[in-house]
Amino acid sequence: MMRTGSDRGGARGARLAVGIGLVLGAGGIASASAAGAVVHPERWPVLYPAQRDSAALERRVERILAQMTLRQKVGQLIQADISGIRPRDLLRWPVGAILNGGNSKPNGAITAAPEAWLSLANRFYLDSMRVPGVKRPIPVMWGMDAVHGANDIYGATVFPQNVGLGAADDPALVRRIGRATAEEVRAVGLDWTFGPTVAVVSDMRWGRTYESYSQDPHRVAALTRAMVLGLQGAPNTVHFLDAEHVLATPKHFIGDGGTDGVDQGDNRESEAQLIHRDAAGYEAALGAGVQVIMASFSSWQGEKMLANYGLLTSVLKRRWHFDGFVVGDWNAQGQVPGCTDVSCARAVSAGLDMFMAPDDWKALFKNTLAEVRSGQIPRRRLDAAVRRILRVKLRDRLWAEGPPAQRKLAGRFELLGDAAHRALAREAVRESLVLLKNDDHLLPLTPHERVLVAGDGANNIPMQCGGWTLTWQGTDTTNADFPHGESIWQGIQSAVRAAGGSATLSIDGHYRRRPDVAIVVYGEHPYAEFEGDVHDLAFSGAAAARDLHLLQRLRAAHIPVVSVFLSGRPLWVNPQLDASTAFVAAWLPGSEGEGVADVLFRKPSGQIRYDFHGTLPFAWPRTPLQFGLDVPGKPLFPLGYGLRDVSDGNLPHLSVRSAAALAPAASARRFFSAGHSGAGWHWAVLHGGTQERIPHGVGRAAAGAVTLSTLDWRRQEDARRLSWTGAAAAAVVLTGATPVNLTRQANGQMVLSLHYRLEQPPASTVTLSMACGAHCAGAVPLTNLLRRAPVGRWQQLRIPLACFARAGANMSRIDTPFAIRSTGRLALAVADVRVQSDTSGALACPH
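Residues numbered from 1 in each chain as written. Predicted model: local features only at pLDDT ≥ 70, side-chain atom pairs only at ≥ 80, totals over all residues. Heavy atoms only, no water.

Caption draft 1: Representation of empty space enclosed by the protein. Estimated volume of the largest cavity: approximately 100 Å³. A breakdown of the residues in the lining of the largest cavity according to their chemical character gives 10 nonpolar, six polar and no charged. (1 Å grid on protein atoms, 1.4 Å probe; cavity = no way out; pocket = protein on both sides within 12 Å on 5 of 7 lines; lining within 4 Å. Points joined across faces, edges and corners; volume = space filled by probe spheres on them. Nonpolar A, V, L, I, M, F, W, Y, C, P; charged D, E, K, R; others polar.)

Caption draft 2: Highlighting the sheet that holds strand S4 (residues 97–100). Read from one edge of the open sheet, eight strands run S6-S5-S4-S3-S13-S12-S9-S7, paired in parallel fashion. The sheet is open, and its two edges are formed by strand S6 (192–193) and strand S7 (251–253), each paired on a single side. In this sheet, S6 lies alongside strand S5 (residues 141–144) in parallel orientation, the contact comprising two bridges. Residue pairing for S6: Gly143 is matched across the bridge by Trp192. Of the strands in this sheet, strand S3 (78–81) and strand S13 (354–356) are in contact with helix H12 (residues 361–374), which crosses S3 at around 165 degrees. The strands that helix H13 (residues 379–395) touches are S5, strand S9 (292–295), strand S12 (325–330) and S13; relative to S12, the one it contacts most, it runs at about 100 degrees. (Pairing = 2+ DSSP bridges. Helix = DSSP H or I, 4+ residues; strand = E, 2+ residues; numbered from the N terminus. Contact = heavy atoms within 4.5 Å. Axes fitted to C-alpha atoms, helices over the stretch in contact; angles between N-to-C directions.)

Caption draft 3: Region of interest: the nonpolar core. Counting residues in each nonpolar core, the largest one holds 128 residues, and the members touching the most others are Trp44, Trp192, Leu311 and Trp320. If we skip the residues at most four places from it in the chain, Trp44 touches Val39, Ile254, Glu271, Leu274, Ile275, Ala279, Leu311, Val315, Arg319 and Trp320. Among the nonpolar cores identified, the runner-up in size contains 95 residues, and Ala544, Ala702, Met750 and Ile820 belong to it. (Core = buried A, V, L, I, M, F, W, Y, C linked by side-chain atoms within 4.5 Å. Buried < 20%, exposed > 50% of the residue type's maximum accessible area, 1.4 Å probe, protein only.)

Caption draft 4: Fine view of the state of the cysteines. Inspection of the entire model under this criterion finds three disulfides. Paired by a disulfide, Cys772 and Cys776 hold their sulfur atoms 1.8 Å apart. Measuring handedness by torsion sign, the sulfur bridge of Cys772 and Cys776 sits at about -85 degrees and is left-handed. There is no split in this pair, since Cys772 and Cys776 are both buried. Each sulfur in the disulfide pair Cys803 and Cys845 lies 2.1 Å from the other. Across the S-S bond of Cys803 and Cys845 the torsion is about -90 degrees, and the bridge reads as left-handed. Remark: Cys845 occurs in the segment after strand S33 (826–836) and Cys803 occurs in helix H23 (residues 801–806); sequence separation between them is 42 residues. The exposure classification of Cys803 matches that of Cys845, with both residues buried. (Disulfide = S-S within 2.5 Å.)

Caption draft 5: Broad picture of the packing of aromatic side chains. If you walk through the whole model with that rule in mind, you get 23 aromatic pairs. Judged by centre distance (5.2 Å) and plane angle (85 degrees), the ring pair of Phe253 and Tyr282 falls under edge-to-face. Remark: Tyr282 occurs in helix H9 (residues 280–287) and Phe253 occurs in strand S7; sequence separation between them is 29 residues. The pair formed by Phe253 and Tyr282 is uniform in burial state, with each residue classed as buried. Centre to centre, the rings of Phe672 and Trp683 are 5.2 Å apart; their planes meet at 70 degrees, and the pair counts as edge-to-face. (Phe/Tyr/Trp six-rings, centres within 6.5 Å; stacked < 30°, edge-to-face > 60°.)

Caption draft 6: Looking closely at helix H7 (residues 217–232). Over its 16 residues, H7 extends 22 Å from the first C-alpha to the last, a length consistent with the 22 Å expected when each residue adds 1.5 Å. Most of H7 sits out of view: 13 of its 16 residues are buried. N-capping of H7 is provided by Asp216, with a side-chain oxygen placed 3.1 Å from the backbone N of His218. Positioned one or two residues after H7, Gly233 has a phi angle of 85 degrees, which is positive. (Expected span 1.5 Å × (residues − 1). Polar contact = N/O pair within 3.5 Å; in protein donor to acceptor, adjacent residues only side chain to side chain.)

Caption draft 7: Layout of the confidence of the model for the protein chain. A residue-level look at the protein chain finds 93% of positions with pLDDT of 70 or above and a mean pLDDT of 91. Low pLDDT, under 50, characterises residues 1–28; the predicted model gives this stretch 58 contacts beyond four residues in sequence or across chains. In the predicted structure, residues 658–663 sits below a pLDDT of 50 and forms 12 contacts with residues beyond four places in sequence or in another chain. (pLDDT = per-residue confidence, 0-100.)

Caption draft 8: Spatial organisation of unusual backbone geometry. The peptide bond linking Lys251 to His252 adopts the cis configuration, its omega dihedral lying at 0 degrees. As for its position among the elements, His252 is in strand S7. The residue after Leu443, namely Pro444, is reached through a cis peptide bond having omega 0 degrees. Mapped onto the fold, Pro444 is located in the loop between strand S14 (434–438) and strand S15 (450–454). The backbone of Glu529 sits at a positive phi, close to 50 degrees, despite the residue not being glycine.

Caption draft 9: Seen up close, the side chain of Thr313. Within the secondary structure layout, Thr313 lies in helix H10 (residues 309–319). Discounting chain neighbours no more than four positions away, the residues touching Thr313 are Asn308, Arg318, Ala350 and Gly351.

Caption draft 10: Structural detail: the environment of Gly189. Structurally, Gly189 can be placed in the loop between helix H6 (171–187) and S6. A residue is classified by how much of its surface remains accessible, and Gly189, at 4% relative accessible area, is buried. Spatially, the C-alpha atoms of Gly189 and Glu115 are 9.5 Å apart, while their sequence positions differ by 74 residues. Discounting residues that sit within four places of it in the chain, Gly189 has contacts with Leu118, Ala121, Pro404 and Arg407.

Caption draft 11: Just the pattern of salt bridges, in detail. Under the defined criterion, the tally for this structure stands at 40 salt bridges. For Asp598, the salt bridge is made with Arg426, and the minimal N-O distance between the two is 2.8 Å. Of this pair, Asp598 sits in helix H20 (residues 594–600) while Arg426 is found in helix H15 (residues 419–432), placing the two residues 172 residues apart along the sequence. On the basis of relative accessible area, Asp598 is assigned to the buried category, the value being 7%. (Salt bridge = Lys/Arg side-chain N within 4 Å of Asp/Glu carboxyl O.)

Caption draft 12: Focus on the packing of H6 against H7. The geometry of H6 relative to H7 is characterised by a closest axis approach of 7 Å and an angle of 30 degrees between their N-to-C directions. The handedness of the crossing between H6 and H7 comes out as right-handed. Every residue of H7 that contacts H6 at Pro171, Val174, Arg175, Ile177, Gly178, Arg179, Thr181 and Ala182 is listed here: Ala222, Leu223, Ala226, Met227, Leu229, Gly230 and Leu231. Of the residues contributing to the contact of H6 with H7, the split by class is 10 nonpolar, three polar and two charged. (Left-handed = near helix turned anticlockwise from the far one by under 90°.)

Caption draft 13: Summary view of the environment of Gly455. Relative to the assigned elements, Gly455 resides in the loop between S15 and helix H16 (461–465). Take Gly455: its relative accessible area is 1%, and that puts it in the buried class. The sequence separation of Gly455 and Ala829 amounts to 374 residues, and the corresponding C-alpha distance is 33 Å. Once you skip the residues sitting within four places of it in the chain, Gly455 turns out to touch Ser506, Ile507, Val520, Val521 and Leu550.

Caption draft 14: Main features of the sheet that holds strand S16 (residues 502–505). With mixed pairing, the six strands of this open sheet are ordered in space as S14-S19-S18-S17-S15-S16. Two strands in the sheet have a free side with no partner beyond their single neighbour: S14 and S16. Direction aside, the axes of adjacent strands within the sheet are offset by 20 degrees on average. Against the sheet, helix H17 (residues 488–498) makes contact with S15, S16, strand S17 (517–523) and strand S18 (561–566), and its axis sits at roughly 160 degrees relative to S16, the strand it touches most. Sheet contacts for helix H18 (residues 542–556): S15, S17 and S18; angle to S17, the most-contacted strand, approximately 170 degrees.

Caption draft 15: Seen up close, the environment of Arg407. For Arg407, the location among the structural elements is in the loop between helix H14 (398–401) and H15. Taking the relative accessible area as the measure of exposure, Arg407 reaches 6% and is therefore buried. The sequence separation of Arg407 and Leu786 amounts to 379 residues, and the corresponding C-alpha distance is 52 Å. Engagement of the side chain of Arg407 in a polar contact is seen with the backbone oxygen of Gly402, the distance being 3.0 Å.

Caption draft 16: Broad picture of the packing of helix H2 (residues 55–67) against H13. Across the interface, H2 lies against H13 with an axial gap of 9 Å and an inter-helix angle of 125 degrees. As far as their axial angle goes, H13 and H2 are oblique. In the packing of H2 onto H13, the handedness of the crossing is right-handed. Of the residues in H13, those touching H2 at Leu57, Glu58, Arg60, Val61, Glu62, Ile64 and Leu65 are Asp383, Val386, Arg387, Leu390, Arg391, Leu394 and Arg395. (Parallel < 35°, antiparallel > 145°, perpendicular 65-115°, else oblique.)

Spelled out as structure tokens, the structure:
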């Protein structure tokens, strides 16, 4: 029996109160894995390296290896993030590589100038080459996620995300994009990108679906080969990894797209499916001469990939004869059973050659060194890994080219957002658009008309770019952060006004003068990785309801409506399709919004300027639960579907009832915002071993010792005032019946963020915690912070999720993501409680 309402004596409430109280108050042979998954290497195709080196290169590798100290060798296995390492650290800690994660920039600035990138790259290289007491210094290499252009760098060209390139399905175009990306990366002195993602996605609930080219392994293979050739140059030619190309890194080996819609999850496919579906991109990449492969966070048949000897060594290195190196993902070693972020001999034994250790890299260095000295990591295995890394560094000409500032394209900052590159991106946008509906041949439009442009995506470059754009999640940016970019609205405005028509921007769709046609741009807001995992494929939530109302209002006024839908995957949008005269899947087109207008409008003469070219890289769902290859039923639109302008695009009325019975999953990101609790959460007060539910976060509890009331922060009643009289120790919490897994968010250096205003300083101890059931919680102290805080002024507090984990919270089952406990008098207001990726100003873990 489930208890509801203001249940004070429920069993779960008592367990939760106890948990919070405890902490707050206080080869031809099959390779078998530990988890039982068995790999049969003989079933896999035999492959050989595309790049044919001379024996002289191998002799050079051996000479360098023989001159290296043990510390140098161990250092080659470590890759640290620029947020936690300085160039002079390399004088003592000779790590082999560095990276900048999605939120890491020189000087910590999103708008870091290209000069700052080049200067930092140069300093890292120079210090790596003057390590004292060694016979042969080894140059450091720098990797970045240039996954749709040099997307981390301010001013760079941002190309469509891979899902859009999959819709374009043009290998020659993709190869040119790879070449342009390499040039822009090289301009700031870098030489390595963590891309492309070559996952064959079988469940579109996965938050990385937009990083995949397609559910079709043949399409994935063709575009992977093209991108690798564009980034690296063709093997066995003078252009291979020359000064105008960069190292590519297909990821995430192997089967990351085959989990049940869960990032870093478990792929339960058969080995035959791995071979015939998931391996397609890697076989193509190896045929194009790829030198680095990134191993996945995910598991296959219960075995973490970083521990899977059968796949990493028996298949990749032996059956496929891959002679480059395998790098891990962000602290992925910490997910291997028996390992931590700072110690994982098991991964090295399985076939990992380089750890991605962004933060605790010094501890990992020390522990790996100790594991080699103790024999836990055999010296021959260490030498084998270092040999692979040296081979790649020689092929990448790190010694021959010298410091980054001296390389051919270094300092050619005019390449960032170069006109030719932007024209290429605009072409890619045109080719990626997929026309799903075109009633009465509405498209293409005549530019002579009166055009209304609406929707929150219309003048929103961050939204049209998506995740992995200047920041990890693609959030916390504005149009001003794209100095060379054009929004979709700006492209439409230019096309219409040039032809003598009129275009008006009205985000909410209201108008003074009736338009001839309305273009509404809307869809998903930016996300990356697990932050994009969803329960089903329904386009839902408050924003979706607002968008639908806008479409319906315009149609009710008998105005033809064109929907331009921005998304990283197909979604169930039957109500929106029904409310639209024409519907275009625009994916995440990047910085060149004019490419959308190029296809929506005819020439002023009335001729078609550009036909629709794109076809669906994934089947479009008929219901919200039709999210994968293994889900039965006919899709609404099949893989490869896409209308042309001359096609009859009329659609019958679609069912809009499929989402009605879907229960929202508990939000793993938003706990309280805009005056409302996030999905799956409610306010309560814990005291004396009991829980009192506080409907709407307004009321009294604990015999009047705690009061919750509304107040205004940015709008009416969007905050809560929390007041303790001091008569009893109590905790005000946001809690729910369904736990959420925040492990990946904690590993990803995300924070718990809230805005607060101190109204009465604390008279006694105050703590903030996350709880995970009975006798399970992690708390951080707030007493000193609140005593120093000014009274009456709103501030933002960001606490790394890792702090709660270190304090004892099991982040895999958080059922109370926010709990403030006071043992004395206190009054403060709180608003906008959520998990976010913006770590600027985050506290070190309080003690």
